Amino acid sequence: MDSRNTYAWPREATGTDATTLERWLAGHGWEVDPTVFMAGARGPAVQIRRIGAAWQDGEPGLLVLPGETVEFDGARMRTARGPVPAAAVAP
């Protein structure tokens, strides 16, 4: 996997991690949904969506849980399957 196309959302993510995720998403035309916040024992989860989409309550986005890696395939985001080599994960 190409590090430009993957992002590892860490467990116990910090504000710096969130800023880095937002920059990475924006580079692919996506954003963090500001209306969804989920705190958990392993850290925060984030909901992401395509920038400019006509989002309304109940429309799907992608929920990214702590410790998951997000993969952009050129058209959509999804959580990566299986382990992602450390060298392929965006900072």
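Residues numbered from 1 in each chain as written. Predicted model: local features only at pLDDT ≥ 70, side-chain atom pairs only at ≥ 80, totals over all residues. Heavy atoms only, no water.

Undergrad: Is there a simple way to think about the packing of aromatic side chains in this case?
TA: Here the distance between the centres and the angle between the planes together describe a pair of aromatic rings. Applying the stated criterion across every chain, the model contains 1 aromatic pair. When the ring of tyrosine 7 is compared with that of tryptophan 24, the centres are 5.9 Å apart and the planes differ by 35°; the resulting orientation is tilted. Here tyrosine 7 is found in strand S1 (residues 6–8), whereas its partner tryptophan 24 is found in helix H1 (residues 15–26), with 17 residues between them in sequence. Accessibility classification places tyrosine 7 together with tryptophan 24 in one group, the buried group. (Phe/Tyr/Trp six-rings, centres within 6.5 Å; stacked < 30°, edge-to-face > 60°. Helix = DSSP H or I, 4+ residues; strand = E, 2+ residues; numbered from the N terminus. Buried < 20%, exposed > 50% of the residue type's maximum accessible area, 1.4 Å probe, protein only.)

Undergrad: Just checking my understanding: could you explain the pairing of strand S3 (residues 46–50) for this structure?
TA: Working note: regular strand, side chains alternate between the two faces of the sheet. S3 sits mainly inside the fold: 4 of its 5 residues count as buried. Here strand S2 (residues 30–32) runs beside S3; their pairing, made up of 3 bridges, is antiparallel. Note that in S3 the partner of valine 32 across the bridge is isoleucine 48. Two strands pair when backbone bridges link them, and S3 and strand S4 (residues 62–64) are joined in this way by 3 bridges, in the antiparallel orientation. Across the sheet, isoleucine 48 pairs through a bridge with leucine 62, a residue of S4. (Pairing = 2+ DSSP bridges.)

Undergrad: Could you clarify how one ought to interpret unusual backbone geometry in this entry?
TA: Peptide bonds are trans in most cases, and residues, glycine excluded, mostly fall at negative phi. In this structure, glutamate 12 is a non-glycine residue whose phi angle is positive, near 55°. Along the chain, the position of glutamate 12 falls in the loop between S1 and H1. In this structure glutamate 12 comes out as exposed when scored by relative accessible area, which is 52%.

Undergrad: What is the right way to read the nonpolar core from this model?
TA: One recurring pattern in soluble globular proteins is that nonpolar side chains are buried together. Residues Trp9, Leu21, Trp24, Leu25, Ile48, Val64 and Met77 are the most contacted members of the largest nonpolar core, which totals 14 residues. Of all the secondary-structure elements, those providing two or more residues to this core are H1, S3, S4 and strand S5 (69–72). The element that contributes the greatest number of residues to this core is H1, accounting for 3 residues. When residues no more than four places from it in sequence are discounted, the contact partners of leucine 21 are Tyr7, Trp9, Val32 and Val46. (Core = buried A, V, L, I, M, F, W, Y, C linked by side-chain atoms within 4.5 Å. Contact = heavy atoms within 4.5 Å.)

Undergrad: Could you clarify how one ought to interpret the side chain of histidine 28 in this entry?
TA: Along the chain, the position of histidine 28 falls in the loop between H1 and S2. Classification of histidine 28 by relative accessible area gives buried; the value is 19%. A polar contact of 3.5 Å, which involves the side chain of histidine 28, links it to the side chain of tryptophan 24. (Polar contact = N/O pair within 3.5 Å; in protein donor to acceptor, adjacent residues only side chain to side chain.)

This is a description of form; function is not addressed.
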